[in-house]
Amino acid sequence: MEALAVRLSGLDSYAEGAIRVVVFYDTLMRRRVDLPALARASAGLAECPAGIRIHGTGQVVRAASDGTPLSGPPGAASSTVPIVLDEEEIGAVWLERPGPPVPLDEVLLDRLAIAAAAVLERYGPARTTMADPALVELAISADGDQAARARALRLLGFAASAPLCVAAVRSALPLDRVAGLVCASRPVKSAPLDGVGVIMAAAIDTSGFPPDVRAGVGAAGSPDRSWRQARTALRFTAPRRPVVHHDDLGALALLARIPPDAMRDNADVAAIARLSAEDLETLDAYCATGSLRRAADVLHRHHSSVARRLDQIGRTLTTDLTTPTGLTRARLALTAWHLLNN
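Considering the side chain of Asp279
For step 1, the next point in the chain: Secondary-structure assignment places Asp279 in helix α11 (residues 277-289).
For step 2, the next point in the chain: Assessed through its relative accessible area of 7%, Asp279 is described here as buried.
For step 3, the next point in the chain: Of note is the side chain of Asp279, whose polar atom sits 2.5 Å from the side chain of Arg309.
For step 4, the next point in the chain: Sequence-distant contacts of Asp279, defined by excluding residues within four places in its chain, comprise Arg309, Gln312 and Ile313.

Focus: the pattern of salt bridges
Where charged atoms from two side chains of opposite charge come close, those side chains can pair.
For step 1, the next point in the chain: This structure, assessed with the given rule, holds 14 salt bridges.
For step 2, the next point in the chain: Between Arg20 and Glu16 there is a salt bridge, with its nearest N and O atoms 3.2 Å apart. Of the two residues, Arg20 and Glu16 are both situated in helix α2 (residues 13-30); the distance of four residues between them amounts to about one turn of the helix.
For step 3, the next point in the chain: The residue Arg240 makes a salt bridge to Asp284 at a minimum N-O spacing of 3.0 Å. Of this pair, Arg240 sits in the loop between α8 (223-235) and β10 (243-245) while Asp284 is found in helix α11, placing the two residues 44 residues apart along the sequence.
For step 4, the next point in the chain: Given the relative accessible area of 40%, Arg240 is considered partly exposed.

Points about unusual backbone geometry
For step 1, the next point in the chain: Phi is positive for Asp194, close to 55°, though the residue is something other than glycine.
For step 2, the next point in the chain: Accessibility expressed as a relative area gives 74% for Asp194, which makes it exposed.
For step 3, the next point in the chain: Even without a glycine there, the phi angle at Asp212 is positive, about 70°.
For step 4, the next point in the chain: If you trace the backbone, Asp212 turns up in the loop between β8 (196-201) and β9 (214-218).
For step 5, the next point in the chain: Since its relative accessible area comes to 77%, Asp212 is described here as exposed.

Regarding empty space enclosed by the protein
For step 1, the next point in the chain: Considering all chains together, one arrives at one cavity of 30 Å³ or more under this definition.
For step 2, the next point in the chain: Here the largest cavity is characterised by a volume of approximately 40 Å³.
For step 3, the next point in the chain: Leu28, Met29, Arg32, Val33, Leu38, Ala115, Ala118, Val119 and Arg122 together form the lining of the largest cavity.
For step 4, the next point in the chain: Examining the composition of the lining of the largest cavity, we find that four residues originate from one element, helix α4 (residues 105-123), more than from any other.
For step 5, the next point in the chain: Considering only residue class, the lining of the largest cavity consists of seven nonpolar, no polar and two charged.

Criteria and thresholds
- Residues numbered from 1 in each chain as written.
- Predicted model: local features only at pLDDT ≥ 70, side-chain atom pairs only at ≥ 80, totals over all residues.
- Heavy atoms only, no water.
- Helix = DSSP H or I, 4+ residues; strand = E, 2+ residues; numbered from the N terminus.
- Buried < 20%, exposed > 50% of the residue type's maximum accessible area, 1.4 Å probe, protein only.
- Polar contact = N/O pair within 3.5 Å; in protein donor to acceptor, adjacent residues only side chain to side chain.
- Contact = heavy atoms within 4.5 Å.
- Salt bridge = Lys/Arg side-chain N within 4 Å of Asp/Glu carboxyl O.
- 1 Å grid on protein atoms, 1.4 Å probe; cavity = no way out; pocket = protein on both sides within 12 Å on 5 of 7 lines; lining within 4 Å.
- Points joined across faces, edges and corners; volume = space filled by probe spheres on them.
- Nonpolar A, V, L, I, M, F, W, Y, C, P; charged D, E, K, R; others polar.

Right under this line is the structure:
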């Protein structure tokens, strides 16, 4: 490469400089430097401050042109390039050059971004969470053979024999961001599959799901069983219960096996379907709390008005909601109605 640079120098000074930049970063990558060393070397080469930011961890590394580490808020970037790994943007690199960029800044930043991605892939913890959907589908499919599943799991970074948690997610947020919040440690992989997001990890922190995210979590012995559990749990989610772990369902999970037509033909479920939105909200609060006064507190209404509405709902359902039998019927019917709508 150096000999080639010498030969090209007589033809094009820009080409010579670009190749020298490439050789510079190739040397750094062979020496397996870390991010601070990359920032120092880049700042020295550019003769201005250089910075590296990792989105997943929030880590920022900056260095002055003399190699001194810089702290505090980054200065104004004269040029910026994203760090991309496995087609996912995981960070950014930039120069803080006073005035406009110089001709070789673009080449320098491109190589710095490639070098930073290589460092992060080697050392973590910023390996990408997004995975090939075909590999994820093979890992969690009930139809695949064990050898194909084991190979897919290895390619995704998981041991074939290790138990996995799998989450089925519906979210307007980027799936990789959700995965990073519910599994701070690695490995964790995510991919969209048939309109539902899939998150795979050794452990999933259900308290980390952001608001407005619906998620069902399964934790069976095998990935395919965990995925079936996760899809079932997702069907049981509701506005007051956006995240459901399959283990918490117990016998309620059996309701998911009832054919939809049989649910619709049930008189209690049909009555639930005729309720107004306000009645549904009242009944949901009452079923969730099991108490008239606690339901009134949740709904921010006087208990007497909630009592009158529950009495009216009970007549629609032809049962007394204040009795244990009536409450059980209402809970089952409301759950079945949610399943039909999920």
